[in-house]
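Listed below, chain by chain, are the residues.
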Amino acid sequence: MSHSLDRIGTDRPPRVRIAPSPTGPLHIGTARTALYNYLYARHMGGAFVLRLEDTDQARGSIAYEKDILDGLHWLGLRWDEGPEVAGEAARGPHAPYRQMERLPNYAAAAERLLAADMAYPCYCTPDELESDRTAQEAAKLPPRYVGRCATLTPAERAAREAEGRRGALRFRVGTGVVAFDDIVRGRVEIDVANLGGDFVIVRGDGSPLYNFTVVVDDADMEISHVIRGEDHISNTPKQLLIFRALGYPEPRYAHLPLILNPDRTKMSKRKSQTALSDYIAQGFIREALVNYLALLGWATGTEEEVLSIDEIAERFDLEAVHKGGAIFDRDRLEWLNGQWIRRLEPGDLIDRLRPFVEAEHVARRIDWIPSDDELRAFLPVMRERLPTLGAIGDLAGFLWVEAVPVDPAVLVPRRWDADTTRDGLAAARSTIAAVGEVTFEADELEPPLRALAEARGWKAGDLFMAIRVAITGRTATPPLFDTMVALGRDRVLERLDRAMAVLGGGHRR
Ligand code: GLU
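It should be emphasised that the depicted structure is a prediction, and the values quoted were computed from it without experimental measurement.

The local shell around the ligand consists of R17, A19, P20, S21, E53, Y210, V214, R228 and H232. One of the side-chain N or O atoms of R17 is found 2.7 Å from an oxygen atom in the ligand. Between the ligand and H232 there is a distance of 2.9 Å, counted from an oxygen atom to a side-chain nitrogen or oxygen. Look at the ligand: alone it shows 300 Å² of surface, and the protein chains cover 80% of it. Spatially, the ligand is embedded in the largest pocket. The class makeup of the residues in the shell around the ligand is four nonpolar, two polar and three charged.

Written as structure tokens, this is what we have:
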């Protein structure tokens, strides 16, 4: 039998799922996992299911749930089946898609395992478990359940129940090796001796645990492929044992490489920016993030890099996902973002820039909010230079202020002194003033200013830098002549006057 054959649904389209726990904001790694599931479903003509694993009521919150759903939505990862959200009814034949609404299913499965003696009640107290752990640690042994309750007789169980003790349910791991063919990692074999002994699937208070609920749901929802982060690989043998105990067909697994910091450490909340919402807030756009995340652990095998979600879905191949960790390269993300920003229709780009421009105004970094026309006029020059939408203020904020602060130390070019700078700006002012309002265009401005530099024996670069700083307050801007046109003749002249004033005194004739 070829091992590329699916165990479930060889003849049916695949069913995959993203199963986030709302215990934190949408993590960039979860976003990538969701994307890979989505891409696989789209590529294969299968179904993409969203299931909310909300059984951790202590750490979970509605705010995180909203952040996760909004983030997936923003990325454009529309699920075919999922829970009811924001007034929209649940979608799909396996509703409900929230684990807290599926408790009876777990109870029924637990009942079956108990009846078949594949699971048993465990009455060990926290103190007993703690002292087991301490003893194992002292003996330099890995922690495992010692099996104190594994062989209790019905009478012994009844005695403990009579004392009012509520047993947790432990799953019997037995002996042997669990093996599976991971689509990304190949053959994986794990000796059940390394699983830490019989493990709890339902707590004493009746609440079911992840490794158990995930199996009941993946089976009920007929999930054919479990595509998830490599950090879950140690859970897979436990889950496979439960699938087998319940007599369910096993899904295939694909464990995705971890996302790493450039120093190859794991990307964590403390060390790195991991929340998708932070990237959105900085002005990364969905097309770029999708493109970037898709390439984080997978490559087209060609030179193609800038691809839309549909183009990626067409090419996506789970078997081509890399095994090794995927390094998060922010420069590459910014580059892709810039590529995608340039591809946006002007009207669309303006709409997306709006909130960032408004934020500049709220922060009082600009004096007024530019109109669509003002933005549109500068767009051709600007959009080549925007790595993120959030860079708009740095790049073009000087356009929307009454005056720019000019630092004399920056205004005077390195090869010049204050007097030369004052001369240069004065001469430039007359040259610029000679260009009329109507013909105030880049190609009307450049030749006379170049001629001026030449006539006075100045390097054009020095003169242009002095003008640039005078009218924008900064040394790096979009092309100078386009910048002048965007500012308009009157404001250019006014800013040149102010800059000369900053240099003060010494009007030599
Ligand atoms: N709720 C789990 C998580 O967020 C799902 C893991 C899985 O895909 O099985 O990590």
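To continue, consider the packing of aromatic side chains. In total, this model carries ten aromatic pairs according to the counting rule given. Geometrically, the ring pair formed by Y292 and F328 is edge-to-face, given 5.2 Å between the ring centres and 75 degrees between the ring planes. Of the two residues, Y292 is situated in helix α9 (residues 286–294) and F328 in the loop between β11 (326–327) and α11 (330–343); the sequence distance between them amounts to 36 residues. By relative accessible area, Y292 is classed as buried at 2%. Here the aromatic cluster, defined as three or more aromatic residues joined through ring pairs, consists of Y279, F284, Y292 and F328. Positioned above the aromatic ring of Y38 is the side chain of R42, whose terminal nitrogen or guanidinium carbon lies 5.0 Å from the ring centre.

In this section: the pairing of strand β1 (residues 15–18). Residues of β1 alternate between two faces, with R15 and R17 on one and V16 and I18 on the opposite face, all of them buried. Each parallel crossover has a hand, and the one from β1 via helix α1 (residues 28–44) to strand β2 (residues 47–50) is right-handed.

With that settled, the discussion passes to the side chain of D198. Residue placement: D198 occurs in the loop between β6 (186–191) and β7 (199–202). No salt bridge is formed by the buried D198, whose closest oppositely charged neighbour, R172, lies at an N-O distance of 4.7 Å. A polar side-chain atom of D198 sits 3.0 Å from the main-chain amide nitrogen of V173. Not counting the four nearest positions on each side in its chain, D198 is found in contact with Y120, Y145, A150, R170, F171, R172, V173 and G174.

What follows concerns the state of the cysteines. By the definition in use, this model includes zero disulfides. A disulfide-free cysteine, C149 has its sulfur positioned 3.7 Å from the sulfur of C124, the nearest such atom.

So, on to the pattern of salt bridges. This structure, assessed with the given rule, holds 37 salt bridges. The closest approach of N and O atoms between K66 and D70, which form a salt bridge, is 2.7 Å. Taken together, the residues K66 and D70, both in helix α2 (residues 62–75) and four residues apart, mark about one turn of the helix. Residue D70 is classed as partly exposed on the basis of its relative accessible area, which comes to 39%. Between R330 and E334 there is a salt bridge; the shortest N-O distance is 3.4 Å. Highlighted residues: R330 and E334, both in helix α11, separated by four residues, approximately one helical turn. With relative accessibility at 30%, the residue R330 sits in the partly exposed group. On the accessibility criterion, E334 (26% relative accessible area) is partly exposed. Members of the salt-bridge network, linked through shared partners, are R17, R51, E53, R102, D217, D218 and D220.

What counts, and where the lines are drawn
Residues numbered from 1 in each chain as written. Predicted model: local features only at pLDDT ≥ 70, side-chain atom pairs only at ≥ 80, totals over all residues. Heavy atoms only, no water. Near = heavy atom within 4 Å. Polar contact = N/O pair within 3.5 Å; in protein donor to acceptor, adjacent residues only side chain to side chain. Areas by Shrake-Rupley, 256 points an atom, 1.4 Å probe, with all protein chains shown as cover. 1 Å grid on protein atoms, 1.4 Å probe; cavity = no way out; pocket = protein on both sides within 12 Å on 5 of 7 lines; lining within 4 Å. Sits in = over half its atoms within 2 Å of the grid points. Nonpolar A, V, L, I, M, F, W, Y, C, P; charged D, E, K, R; others polar. Phe/Tyr/Trp six-rings, centres within 6.5 Å; stacked < 30°, edge-to-face > 60°. Helix = DSSP H or I, 4+ residues; strand = E, 2+ residues; numbered from the N terminus. Buried < 20%, exposed > 50% of the residue type's maximum accessible area, 1.4 Å probe, protein only. Lys NZ or Arg CZ within 6 Å of the ring centre and 35° of its normal. Right-handed = clockwise from strand over helix to strand, strands pointing away. Lys, Arg positive; Asp, Glu negative; His and termini not counted. Salt bridge = Lys/Arg side-chain N within 4 Å of Asp/Glu carboxyl O. Contact = heavy atoms within 4.5 Å. Disulfide = S-S within 2.5 Å.

Remember, this is a structural readout, not a statement about activity or role.
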